[in-house]
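Letter by letter, the chains look like this.
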Amino acid sequence: MTITAPLRVGSLARVNPVAKLAAVFIVSVTLLLTIDWVSAVVALGLECAALAFTGLPLRAVVLRTTPLLIAAPLAGLTTVLYGQSSGQTYWAWWAVEVSDGSISLGIATALRILAVGIPAIVLFITIDPTDLADGLAQIVHLPARFVMGGLAALRLVGLFVDDWRALELARRARGVADTGRLRRILGQSFALLVLSIRRGSKLATAMEARGFGAKTRRTWARPSVFGARDWAVIAIGCAVAASAVVVSVVTGSWNFVVGG
Amino acid sequence: MHGTTPASVTLTSWGWRHAGRREPAVRDLDVTIEPGERILLLGASGSGKSTLLSALAGVLGGAEEGEEFGRVLVDGRNPAQQRGRSGLLMQDPDAQVVLARVGDDVAFGCENLGVERDEIWRRVRESLEAVGLDRPLDFPTAQLSGGQKQRLALAGVIAMQPGLVLLDEPTANLDPAGVIEVRDAVASVADQTGATLVVVEHRVEVWRSLVDRVIVLGNGGGILADGTPDEILRAEATRLSAAGVWVRGVHAEPCAPEASDDQDVPPELLLSAADLSIGRPRSPVIAAGLSMEIAAGRTTVITGPNGAGKSTMALTVGGLIPVRGGVLAATPALAAGAADSPIRWHSRELLGRIGSVFQSPEHQFIAPTVRDELAAGPRALNEPADAIDRRVDELLARLRLDALAAANPFTLSGGQKRRLSVGTALATRPKLLVFDEPTFGQDAVTWRELIALFCELRAEGHAIVAVTHDREFARATGAVEWRMPVQHELVDAAGDLS
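Remember, predicted model here, so these are calculated numbers, not experimental data. (Residues numbered from 1 in each chain as written. Chains lettered and ligands numbered in written order. Predicted model: local features only at pLDDT ≥ 70, side-chain atom pairs only at ≥ 80, totals over all residues.)

1. Let's talk about the overall build of chain A
The test is simple: To qualify as a helix, a DSSP run of H or I must reach at least 4 residues; to qualify as a strand, a run of E must reach at least 2; elements of each kind are numbered from the N terminus. The atom set for the radius of gyration is the C-alpha atoms, and the globule formula is 2.2 Å times the number of residues raised to the power 0.38. Using C-beta atoms placed from the backbone, we call a residue buried if 20 or more other C-beta atoms fall within 10 Å of its own, exposed if 12 or fewer do, and partly exposed for counts in between. Placing C-beta atoms from the backbone, we regard two residues as in contact once those atoms come within 7 Å.
Helices and strands together make up the secondary structure of chain A, namely eight helices and two strands. For 260 residues, the compact-globule formula gives about 18 Å, and the C-alpha radius of gyration of chain A, at 24 Å, lies well above that figure. Across its three principal directions, the C-alpha atoms of chain A cover 70 × 55 × 35 Å. Across the 260 residues of chain A, 35% fall into the buried class. Long-range contacts, defined here as pairs at least 24 residues apart, represent 78% of the contacts in chain A between residues at least 6 apart.

2. Quick word on the nonpolar core
Here is the rule we go by: Under the definition applied here, buried Ala, Val, Leu, Ile, Met, Phe, Trp, Tyr and Cys residues are grouped into a nonpolar core through C-beta atoms within 7 Å.
Counting 201 residues, the largest nonpolar core has B:Leu56, B:Leu154, B:Ala155, B:Leu166 and B:Val199 as its most contacted members. Among the elements that line this core, the one with the most residues is helix H4 (residues 100-125) of chain A, at 11 residues. If near-sequence neighbours (up to four positions away) are discounted, B:Ala155 is found in contact with B:Val106, B:Ser127, B:Leu128, B:Ala130, B:Val131 and B:Leu133.

3. Quick look at the sheet that holds strand S3 (residues 38-42) of chain B
All names here are of chain B. Condition: Note on pairing: two strands pair once DSSP finds at least 2 bridges between them. Angular values range over 0 to 180 degrees, each being the angle between N-to-C directions of two axes fitted as lines to C-alpha atoms, with helices fitted over their stretch in contact.
Read from one edge to the other, the open sheet built from six strands follows the order S5-S6-S7-S3-S8-S9, with strand pairing classed as mixed. Two strands in the sheet have a free side with no partner beyond their single neighbour: strand S5 (86-89) and strand S9 (223-227). Put simply, the sheet's adjacent strands are angled 15° from each other on average, direction ignored. Pairing of S3 with strand S8 (residues 213-217), which is carried by four bridges, proceeds in the parallel orientation. Counterpart to Ile39 in the pairing with S8 is Arg213.

4. Let's talk about the domain arrangement of chain A
All names here are of chain A. What counts is decided by this rule: Domain boundaries shown here were taken from an automatic or database domain assignment. For this classification, Asp, Glu, Lys and Arg are treated as charged, while Ala, Val, Leu, Ile, Met, Phe, Trp, Tyr, Cys and Pro are nonpolar and the rest, including Gly, are polar.
As far as domains go, chain A holds domain 1 (2-130 + 226-250) and domain 2 (140-209). Between the C-alpha centres of domain 1 and domain 2 the distance comes to 34 Å. Contacts between the two partners involve five residues from domain 1 and, on the opposite side, five residues from domain 2. Of the residues contributing to the side of domain 1 that touches domain 2, the split by class is three nonpolar, two polar and no charged.

Shown next, in the form of structure tokens:
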């Protein structure tokens, strides 16, 4: 169940998931408006500073952001090799052209991926799905049927993993595991789909038997509160976004994506 | 527990036909249940017990799900219109956990019924105490055992303070310890709440002391018998046993003694394990230092507590997962030209050598019809078409599945699925058959059929290895017991994998 296990340490664990979602949304949308490296550096710097105050173990953060730490430089390198050229050209070979323009674009790309990705991952790994559902239903007022249904379905994900392993072994036992890998995976996926639908409909009946979907107005056992701490997280998100924009515009490097 | 007023039930010529079926699942029921009565509902599989419970719980669905005859009333009103008046506990422990934490899961029903927050948490604590589930409120539900999950679901049901508690084979998927655990929890709940109770179960002896009335549904509809447990069980023992109900004193005939017992020839050795360490892939080693010898015409049962690694041992012996240490070697008699270590065989090489039957038959189904399911193995071996047809016809008859040859395996009943999964393993005549809990959740009729089948297989010279908690099964099949050693330091590290 590691995919659904949240990191429940540090001060972020007590922040309402809705506030975290909002903060991530504000920072990402702002940073996606421009492709300069100044705004990305400012945002990334401020984010790392903020991260230091969350009390999250560094090891866990690095571990969970590993895919991003690998992907960002690779994306940057690709942009350096193939990105739009301008200024002096240093090296050219077939479609590859390394120039002043493509180098700065590459650095900007790598930094931007980190600046958008790191806060998103850090805030998400500290979200407990149950708390998120409570927040979405009580604060954002999404329909309870939709939110609780999604939450219950999430619990089945762990069972899918077990089912998949059992299906794999069962196919070997039945003598049909030697055929092409693709065909086997397709057949097995279909079997998993059938099993999931059966599990899902049983769970739906169990939920219905516990009064889910009744006409009565639902109450919430766990209050989802939105307090000063949560507003502060949103404010930090706004501050990071604003600082990045201001510094970038003042230094003249702001580069609006649309129409730029 | 305060706040519970027991409910009454009235059925008037009630029946239900599922959409797409020609015959009603249940019909012509006329029953009155007084508030506070405790009923054990019996009947052959297919007599509509679960359908009746769903109707009482108000979750049978509307006109698109099927057609209703007559009337079913709880407290004089339609059960679908009064959610929370009845609470339903179902068979599958994994299908009933809704939320990730123990407290939240129990609170779920109360939330849906609009109970105030303080009252919800008061009821959550009270309900967990009533079912004896002593775990913190934020304990992860995924880490509970099967019996604990059922008690959790029961706590969720009684937290809604239903006047009618409905239990649909609540212990069918549990080991013997889990069965007692859940039965005791139900007893404590019934005493504390005074709610009307309706239990569907095959295991009469387990529930007998708890109920004060037994109702037996007839196979073609209507009520077969209705009275006190003593009356019914005395007068109807033979008929109930024939209908699949477990009744004390009705046992299977044990297998005839092994042919090889009378002779001086030692049985032919097929597979031997020496100093074996086992564990699931990507999981810690769960048991070590194991030795076992498997010979033709012998039945071995693997026993031991939950979490000791019995199922892992079955998978390892079945050549499905690699050994983690030591040696598992097939003798030339079993390998017949293949490598001496079963895990190195191709999937197709397992056919005819080792057949494995899992605890959950559904994982093993790969074909759209029962006939194709049985033919899949022989086809993978490229046997001639007419030989396959003969083999499949023979198996269909032997397993009493001939009328269902064209049915989809997933639509079969529990007992039929079990027989089919055994049949798929038999189709290629493997020398060694490995079973994981073959008798779990089966009614008495299927159980007797399985025993007879195991006896035949042994007489034909198959070696059988079966993981089981079922002592009576081990006795009736004349099996040799092989006990899984308890390994404290390893078990602790491995959690509750079994």
